[in-house]
Amino acid sequence: MPEAVNPRNRLVVLQGLTKRFGTTEILRGVDLQVDQGEVVVIIGPSGSGKTTLLRCINFLEDYQGGRVLVDGELVGYRDGNGRPAKLPDRVIARMRADVGMVFQSFNLFPHMTALDNVMLGLREVRRMSALEARQNATAWLERVGLKDKLSAFPAQLSGGQQQRVAIARAVAMEPKVMLFDEATSALDPELVGEVLSVMADLARSGMTMLVVTHEMRFAREVAHRVVFMDQGAIVEQGTPQQLFGSPQSDRLKSFLSHLARGG
Amino acid sequence: MMELVLASFPLIARGLLVTILVSVAVLLLGTLFGIGGGLALLYGARPLRWLVRIYVDALRGIPQLVLIFAIFYGFPALGLQVSAIFAGVLALALFCGAHVSEIIRGGVESIARGQVDAGKAIGLSFVQRLRHVIVPQALRRILPAWVNTAVEIVKSSSLVSLVSVVDLTMAIQQVVGRTREALLFYAVAATLYFAINFTLSIMGRRLENRFAHA
């Protein structure tokens, strides 16, 4: 059972978050708060805005309305009167360094070994010495079970191994919060488990996590809170027991029954 | 026969040197233009992007010879005296720059979007992403096309003979005029052009292999 979290430290705060692509509204005023150490799993049908919501938190997407705060700091824009202005590249980069992200398609750098993939941010962003970065990166790769793959290139690794390197690359930066965007959706079924167990291990260590996934067992066992999104808005949220045990809205009921039928 | 070849050797050698120097100058300058143009097409503000887009499309649609004549005969009309070699190099460099701009834009755009996202997500700045993520991957795609362009430029450099620069082509013509041995000396010219370009292709392939990774 997940432990209770200290509710005072609001690490991620979304207030009325609105995102449009042209005239299509992807997010329609989303409010969400994530506390330090909390694991929040976001579920919902495809196109419901889950991925976009994650991408707004580290400003891979800009947003048109509302606010995104990470550890009290407004993400992407200058806080002030008048029209919001985008922050300069360097400031946004510094903010992103504190938010780790794992992608559906791994996105490892194909021209670098596993070790170099993890070391790049440590060297360039955290300004570690080569020795320190190497020790750090090696330790993280060991922790995700890839001790013997340090000098392998991504193309030489299985999907599950690549995704574990990607997790090590993100976590090694010691971010305040980790975002997982369908981290296991692109994997062959037999490789899903090894990635989920690394994620569960991370959750147990107290990492604050926002996880978009279709793995309902993971949500049930690891999440402190489950959020159900549909059509760009949060429809329902609560503990896994509440959401899976007694869903309130028709949309969640129908979503869960579709999942059950799908397997 | 052997005497003919030997007597014409210094002239041909000087012509070959001019051809090589013109080609190198055009490629250096043109690649510089192309890096600027490519970055502008990729990341420039909209007005700049449009300007460069016009430059690229216009230059790629104009025969190189027209460009050379336009600069050689056109600049003096504007009060700018230019040497034949300057006109030739500038015209070909502008042409080369347009092509390299497109090659660089295409090479960078062919990199998966997720690569940029991943670079951003670990907190790399724009310059750091270029240097560590984009350029190393784009180079592999850019290099083969760049070598093709270089080969084209070496061949096009013969056009400067038409504004009286004594390059390899012009030197050969002079030798042929003197000796009436057209077949022999044009065969010599063809062999020399081929040798330069074959060397370029080989070097290109070597470099490509070096950038290729597992």
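Student: Quick question: what am I supposed to make of the overall build of chain B here?
Tutor: Check the secondary structure of chain B and you find eight helices and zero strands. Secondary structure elements in chain B, listed N-terminal to C-terminal, are α-α-α-α-α-α-α-α. Just so you have it, chain B exposes about 11100 Å², and 70% of that area is on carbon and sulfur atoms. For chain B, the distance from the average position of its 18 positive side-chain charges to the average position of its 9 negative side-chain charges is 10 Å.

Student: Just to check I follow, could you spell out the overall build of chain A for this structure?
Tutor: Scanning chain A from N- to C-terminus turns up nine helices and 10 strands. Against the globule reference of 18 Å for 263 residues, chain A gives a C-alpha radius of gyration of 18 Å, in line with a compact fold. For chain A, the spread of C-alpha atoms along the three principal axes comes to 55 × 50 × 35 Å. For chain A, the proportion of its 263 residues judged to be buried stands at 56%. Only carbon and sulfur atoms are counted for the fraction: they give 47% of the accessible area of chain A, which is about 11800 Å². For chain A, the distance from the average position of its 31 positive side-chain charges to the average position of its 29 negative side-chain charges is 4 Å.

Student: What is the right way to read the interface of chain B and chain A from this model?
Tutor: Many analyses report the size of an interface as the accessible area lost when the parts associate. Taken residue by residue, the interface counts 21 residues in chain B and 27 residues in chain A. Around 2000 Å² of area is buried between chain B and chain A when both sides are counted, 60% of it from carbon and sulfur atoms. Joining chain B to chain A, the criterion identifies one salt bridge. A salt bridge links aspartate 117 of chain B to arginine 55 of chain A, with the shortest nitrogen-to-oxygen separation between them at 3.0 Å. Listing elements by their share of the side of chain B that touches chain A, those giving two or more residues are helix H5 (113-121) and helix H6 (126-156) of chain B. Here the side of chain B that touches chain A gets eight residues from one element, more than from any other, and that element is H5 of chain B. Class assignment of the residues belonging to the side of chain B that touches chain A gives a composition of eight nonpolar, nine polar and four charged.

Student: Can you help me understand the pairing of strand S9 (residues 225-230) of chain A in this one?
Tutor: For a regular strand, the rule is simple: side chains alternate between the two faces of the sheet. Residues and elements named next belong to chain A. With six of six residues buried, S9 lies mostly within the body of the structure. Going residue by residue along S9, you find Arg225, Val227 and Met229 tucked away on one face and Val226, Phe228 and Asp230 tucked away on the opposite face as well. The pairing of strand S3 (residues 39-43) with S9 spans four bridges and is classified as parallel. Across the sheet, valine 41 pairs through a bridge with valine 226, a residue of S9. Summarising the sheet, S9 and strand S10 (residues 233-238) pair through five bridges and their orientation is antiparallel. Considered in S10, the bridge of aspartate 230 is made with alanine 233. Here S9 folds back onto S10, and the loop between the two strands holds two residues, one of which, glutamine 231, carries a positive phi near 50°.

Student: Explain empty space enclosed by the protein to me, please; I cannot follow it from the model alone.
Tutor: To find leftover empty space, one rolls a probe the size of a water molecule over the atoms. All names here are of chain A. For the structure on display, the rule yields three cavities of 30 Å³ or more. Its boundaries defined by the atoms lining it, the largest cavity holds a volume of some 100 Å³. In terms of lining residues, the largest cavity is bounded by 14 residues, among which Val70, Glu73, Val75, Met95 and Val99 are the most central. Of all the elements, helix H2 (residues 89-97) adds the most residues to the lining of the largest cavity, at four residues.

Student: Would you explain the layout of surface pockets in this entry?
Tutor: All names here are of chain B. A volume near 430 Å³ is recorded for the largest pocket. In this structure, the largest pocket is lined by 13 residues; those nearest its centre are Tyr43, Arg113, Val116, Lys120 and Ile134. Of all the secondary structure elements, the ones that give two or more residues to the lining of the largest pocket are helix H1 (2-43), helix H4 (84-109), H5 and H6. The element best represented in the lining of the largest pocket is H6, accounting for four residues.

Student: Even after reading the chapter, I still don't get helix H3 (residues 64-77) of chain B, so can you show me in this structure?
Tutor: Think of an α-helix as 3.6 residues a turn; residues three or four steps apart then line up on the same face. All names here are of chain B. Between its first and last C-alpha, H3 extends 20 Å over 14 residues, near the 20 Å set by a 1.5 Å rise per residue. Along H3, the sharpest change in direction is near 25° and occurs at isoleucine 71. Within the span of H3, buried status applies to Gln64, Leu67, Ile68, Ile71 and Phe72. Structurally, H3 contributes buried residues whose contacts are with helix H2 (46-60), H4 and H6.

Student: Help me out: how do you make sense of helix H7 (residues 168-179) of chain B in this one?
Tutor: Residues and elements named next belong to chain B. Compared with an ideal rise of 1.5 Å per residue, which puts 12 residues at 16 Å, H7 spans 16 Å between its outermost C-alpha atoms and is within 8% of the ideal. Of the positions making up H7, those classed as buried are Leu168, Thr169, Met170, Ala171, Ile172, Val175, Val176 and Thr179. Of the surrounding elements, those touching the buried residues of H7 are H1 and helix H8 (182-211). Structurally, the start of H7 carries an N-cap: the backbone nitrogen of threonine 169 is 3.3 Å from a side-chain oxygen of aspartate 167.

Student: Mind showing me how you'd approach the sheet that holds S10 of chain A here?
Tutor: All names here are of chain A. In space, the six strands of this open sheet follow the order S6-S7-S8-S3-S9-S10, with mixed pairing throughout. At either end of the open sheet lies a strand with only one pairing partner, and these are strand S6 (99-102) and S10. Geometrically, the sheet is characterised by an average inter-axis angle of 20° between neighbouring strands, direction not taken into account. Of the strands in this sheet, S3, strand S7 (177-181) and strand S8 (208-212) are in contact with helix H6 (residues 189-204), which crosses S8 at around 150°.

The rules we used
- Residues numbered from 1 in each chain as written.
- Chains lettered and ligands numbered in written order.
- Predicted model: local features only at pLDDT ≥ 70, side-chain atom pairs only at ≥ 80, totals over all residues.
- Heavy atoms only, no water.
- Helix = DSSP H or I, 4+ residues; strand = E, 2+ residues; numbered from the N terminus.
- Areas by Shrake-Rupley, 256 points an atom, 1.4 Å probe, with all protein chains shown as cover.
- Lys, Arg positive; Asp, Glu negative; His and termini not counted.
- Charge placed at Lys NZ, Arg CZ, Asp CG, Glu CD.
- Rg over C-alpha atoms; globule rule 2.2 N^0.38 Å.
- Buried < 20%, exposed > 50% of the residue type's maximum accessible area, 1.4 Å probe, protein only.
- Contact = heavy atoms within 4.5 Å.
- Buried area = accessible area lost by both parts, 1.4 Å probe.
- Salt bridge = Lys/Arg side-chain N within 4 Å of Asp/Glu carboxyl O.
- Nonpolar A, V, L, I, M, F, W, Y, C, P; charged D, E, K, R; others polar.
- Pairing = 2+ DSSP bridges.
- 1 Å grid on protein atoms, 1.4 Å probe; cavity = no way out; pocket = protein on both sides within 12 Å on 5 of 7 lines; lining within 4 Å.
- Points joined across faces, edges and corners; volume = space filled by probe spheres on them.
- Expected span 1.5 Å × (residues − 1).
- Bend = angle between axes of the 7 residues up to and from the residue.
- Polar contact = N/O pair within 3.5 Å; in protein donor to acceptor, adjacent residues only side chain to side chain.
- Axes fitted to C-alpha atoms, helices over the stretch in contact; angles between N-to-C directions.

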